[in-house]
Amino acid sequence: MKTVAQLHIGETAVIDKFTDNFLSLKLLEMGCLPGEKIKLKRIAPLGDPLMVSISGYSLTLRKSEAETILVITH
Amino acid sequence: MKIALAGNPNSGKTTIFNLLTGLNQKVANFPGVTVDKKIGKCLLANNMEHPPFGRTEVDIIDLPGAYSLNPKTIDEQITHQIICDTKNADYPDLTVIVADATNLKRNLFFATQIIDLGKPCVLVLNMMDEVENQKIEINGSALSEMLGIAVVPVSARKNTGIENLKKILSSNISPPTKSITRELTNSTTNSQPEETIARYKKISEIIKQCVQQPTEPVAETFTNKLDNIFTHKFFGFIVFLAILFLIFQCVFTFAAYPMKFIEWAFVQCSVWLSSVLPTGILSDLIVNGIVAGLSGIVVFVPQIAFLFAFIAILEDTGYMARVSFMFDKLMRKFGLNGRSVIPLISGAACAIPAIMATRTIGNWKERMITILVIPLMSCSARIPVYTLLISMVVPDDKLFGIFNEQGLVLMALYVIGFVAAIGSAMVFKYLLKSKERSFFVMEMPVYRSPRWASVGLIIYEKVKVFLFEAGKIIIAVSIILWALSSFGPNSPTPDPSPKGRGISTQPSSLISSPSGRSGGASLENSYAGIIGKSIEPAIAPLGFDWKIGIALITSFAAREVFVGTMATIYSVENPDNSISIREKMINEINPKTGEKLYSRAVGFSLMLFYAFALQCMSTIAIVYRETKHWKWAALQFVYMSALAYCASFLVYQIMK
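Because the structure is a prediction, the values reported are computed rather than measured.

Conventions we followed
- Every residue gets a number counted from 1 within its own chain, in the order that chain's sequence is written.
- Just so you know, chain letters begin at A and ligand numbers begin at 1, following the order they were written in.
- Per-residue local features of the predicted model are confined to residues with pLDDT of at least 70, and side-chain atom pairs are confined, for both listing and counting, to 80 or more; whole-chain, interface and lining totals are unaffected and use all residues.
- As a rule here, side-chain values cover all heavy atoms of the structure and leave hydrogens and water aside.
- Only DSSP runs of H or I reaching four residues or more are called helices, and only runs of E reaching two or more are called strands; each is numbered from the N terminus.
- Whether a residue is buried, partly exposed or exposed follows from its accessible area with a 1.4 Å probe, protein chains only, as a fraction of its type maximum: under 20%, in between, or over 50%, in that order.
- We call two residues in contact whenever any of their non-hydrogen atoms come within 4.5 Å of each other.
- Only the protein chains shown count as covering a residue, and every accessible area follows the Shrake-Rupley method with a 1.4 Å probe.
- Atoms considered for the radius of gyration are the C-alpha atoms alone. The globule rule reads 2.2 Å times the number of residues to the power 0.38.
- Positive charges come from Lys and Arg, negative ones from Asp and Glu, while His and the chain ends are left out of the count.
- Just so you know, the charge point we use is NZ for Lys, CZ for Arg, CG for Asp and CD for Glu.
- Patch definition: residues with relative accessible area over 30% and no salt bridge; like charges joined within 9 Å; nonpolar side chains (Val, Leu, Ile, Met, Phe, Trp, Tyr) joined within 5 Å.
- Note on definitions: salt bridges are taken to be side-chain nitrogens of Lys or Arg within 4 Å of carboxyl oxygens of Asp or Glu.
- The criterion for an aromatic pair is that two Phe, Tyr or Trp rings (for Trp, the six-membered ring) have centres within 6.5 Å, with stacked assigned to planes under 30 degrees apart, edge-to-face to planes over 60 apart and tilted to the rest.
- The rule for a charge over a ring is simple: NZ of Lys or CZ of Arg within 6 Å of the ring centre, and within 35 degrees of the ring normal.
- One bridge is not enough; two strands pair if DSSP finds at least two bridges between them.
- Accessible-area loss on putting two parts together, using a 1.4 Å probe and summing over both, is the definition of buried area adopted here.
- What qualifies as a polar contact is a pair of N or O atoms within 3.5 Å, subject to a donor-acceptor requirement within protein and to the restriction that residues adjacent in sequence count only when both atoms come from side chains.

> Tell me about the overall build of chain B, and name the residues and values.
When helices and strands are tallied, chain B shows 29 helices and twelve strands. Of all 656 residues assigned to chain B, the portion counted as buried reaches 55%. Look at the contacts in chain B between residues 6 or more apart in sequence, and 72% of them connect residues 24 or more apart. Roughly 28200 Å² of accessible area belongs to chain B as shown, and the carbon and sulfur atoms make up 64% of that amount.

Printed below as a string of structure tokens:
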């Protein structure tokens, strides 16, 4: 199964579930909900953190944090 | 009546607060933490149904931005405490929820949590101008119906809808008629994540009925285009460097004019005072203690104002979030945060505004480390010390025919400061313990034009905080230093000549010694002189004599005082005003060796000492204010002094 950290720039996937309990609540509150589309918009010049598009706005998160979000790609 | 403003970060809460209260606001701290507590007063027209007619004054409190009532940051914790705890001193009678209408879904999450508390509240849909630009349609009355509270569309940037908001605030507002929590408890939700998902599901239903959104938001594409450049692998750094260059040009070049004027004005003031006041201890205290101390504070104001103007603009436009995004990986290696970049670089101008700017770092540990290492960055107060010493011990020659040696040494001192800052940060990364988890799940705001009124307010607030909070401590230390350099065991009264001795916080001219300093001999016999002589054995291994010892003590007021103190000491020994201080110091002979006292070894040892030592009482005062504990100021003073002593010791022992 893929995580958000494994997406290519511009690739869209659907959030499936989370692997980190503490972080999942924060992510849920920020609108990263299971079933929601998530798009990897860009990667910082040094390779970390990542910028994603979620429920109509941009969110940044570190690679390690993106790895806790499992996604379904088509 | 108390009204609280609550909402997500970047929802424009503070702009609405500024529009409601204007300049009738004051900034304090929430007890125990350094989160700004902004309280203001607002006049509301009285409810027409309840005479007497007229206006009532209400207190408005701007709560720190939060994403939910399950607190994860200090900001969220404070907001939670105030709106959930009925016994809290700031518990509001009415909560105004501010939501960014262009991103209603996420904003409604926090909003519905507040609505569910069942207390009177109003929802403000902010940024309606952008909603129109993005062709989003929001049915306000349907939203009001579904949420069970009044909904007020507002555009804080365009200043529309504020009067309507005031009118609604002055009417009787009843508690909300709906509650999502009540609806949720009927179904089977037991864990917080499940509740969150269920709440978002409800919000999606509400949005579906009240909001019509085009597929690709307009502001997003504009922001995207800018980000293609601003966060580009190559151009991103070029833009960043260009912005830095601009900031430094302003802070060093433009701020220098008002600073020179302030120094000039204070010199005029003290000259005038000493001519008017009768000679005696009191006038000496006023001129050399209080006025000198005051000038040492006020002279920083232009730099603080310029730096905060830039920081406010970078913050307001959304560029600061990009800087964090670009540098987070690099800074994390050193126990810092992407948000530490700007404060660290600002430290090269002055540590005081730089330390004040660390408030944007949310994580406690990362903020403390940033504060601890900022004073190692070479600030502008070191420049007079460096230039004097370099001109004495480094020949004005060209290295390889092109590089000016003096310039190279100055640059090396800057590099050493930066390396020391980064290195110390790495050490503190392992020493400081924190239970708080560092995360970078952060909203990336869209680019917006800065709001000049709020930039002005930020400058006003920061200058005020510096003048009155840090100023108190600086004045106190100035008076102590004045007493130490004015009194001695053998001279119970200070020299009656007001320009007699003592420290001057004005950096004296490097070229000629200030005339009229006559009574400096008493400096040697003052407590400062005695301390200078008594610490001589301790500083002798660094190559310093007791005269440098006095300068080390007096320049605790500010580093550049070193130059002034040296001027005082040497003009006393050799009153010949035709020889410059620099030449007098160069000619100084070490009585033990018979050679020149200011050898290369002593010069470099002294420069390194000033590069590392925390010779700045304003920094200590501001660190105390920002951390709320003397222990941080003490730790910083001790580690930097130790670093300075060791570095000077090594350099002197190797080079001599």
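> Summarise the overall build of chain A; cite the residues concerned and give the values.
When its secondary structure is counted, chain A shows two helices and six strands. Order of helices (α) and strands (β) in chain A, N terminus to C terminus: β-β-α-β-β-β-α-β. By the compact-globule yardstick of 11 Å for 74 residues, chain A fits well, its C-alpha radius of gyration being 11 Å. If you line up chain A on its principal axes, its C-alpha atoms span 30 × 25 × 25 Å. About 2800 Å² of surface is accessible on chain A, with carbon and sulfur atoms providing 51% of the total. In chain A, the 9 positive side-chain charges and the 8 negative ones have mean positions that sit 7 Å from each other.

> Can you tell me about a nonpolar patch on the surface, naming the residues and giving the values?
On the surface, Tyr 645, Phe 649, Leu 650, Ile 654 and Met 655 of chain B cluster together into a nonpolar patch covering about 480 Å² of accessible area. Looking at where Tyr 645 of chain B falls in the secondary structure, it is placed in helix α29 (residues 630-655).

> Report on the packing of aromatic side chains, specifying residues and quantitative values.
Per the stated rule, a full pass over the model turns up 14 aromatic pairs over all chains. These aromatic residues form a ring-pair network of at least three members: Phe 544, Phe 562, Phe 609 and Tyr 610 of chain B. Over the ring of Tyr 57 of chain A we find Arg 106 of chain B, and its NZ or CZ is 4.2 Å from the ring centre. Above the plane of the ring of Trp 546 of chain B lies Lys 533 of chain B, whose end atom (NZ or CZ) is 4.6 Å from the centre.

> Tell me about the pairing of strand β4 (residues 55-62) of chain B, and please be specific about residues and values.
Residues and elements named next belong to chain B. In this sheet, β4 lies alongside strand β1 (residues 2-7) in parallel orientation, the contact comprising four bridges. When the bridges of β4 are listed, Leu 5 appears paired with Asp 62. Taken together, the eight bridges between strand β3 (residues 36-45) and β4 define a ladder with antiparallel strand orientation. The residue bridging Ile 39 from the neighbouring strand is Ile 61, located in β4.

> Tell me about the interface of chain B and chain A, and name the residues and values.
Counting residues at the interface gives 38 residues for chain B, matched by 32 residues for chain A. For the chain B and chain A pair, buried surface summed over both sides reaches about 3400 Å², with 61% attributable to carbon and sulfur atoms. Where chain B touches chain A, the interface holds three salt bridges. The shortest N-O distance in the salt bridge between Asp 48 of chain A and Arg 332 of chain B comes to 2.9 Å. Our count for the contact surface shared by chain B and chain A stands at 13 residue pairs in polar contact (both at pLDDT 80 or more). When contributions to the side of chain B that touches chain A are tallied by element, the ones reaching two or more residues are α3 (104-115), α8 (192-210), α9 (218-230), α14 (319-332) and β12 (442-444) of chain B. Residue contributions to the side of chain B that touches chain A peak at six residues, all from α14 of chain B.

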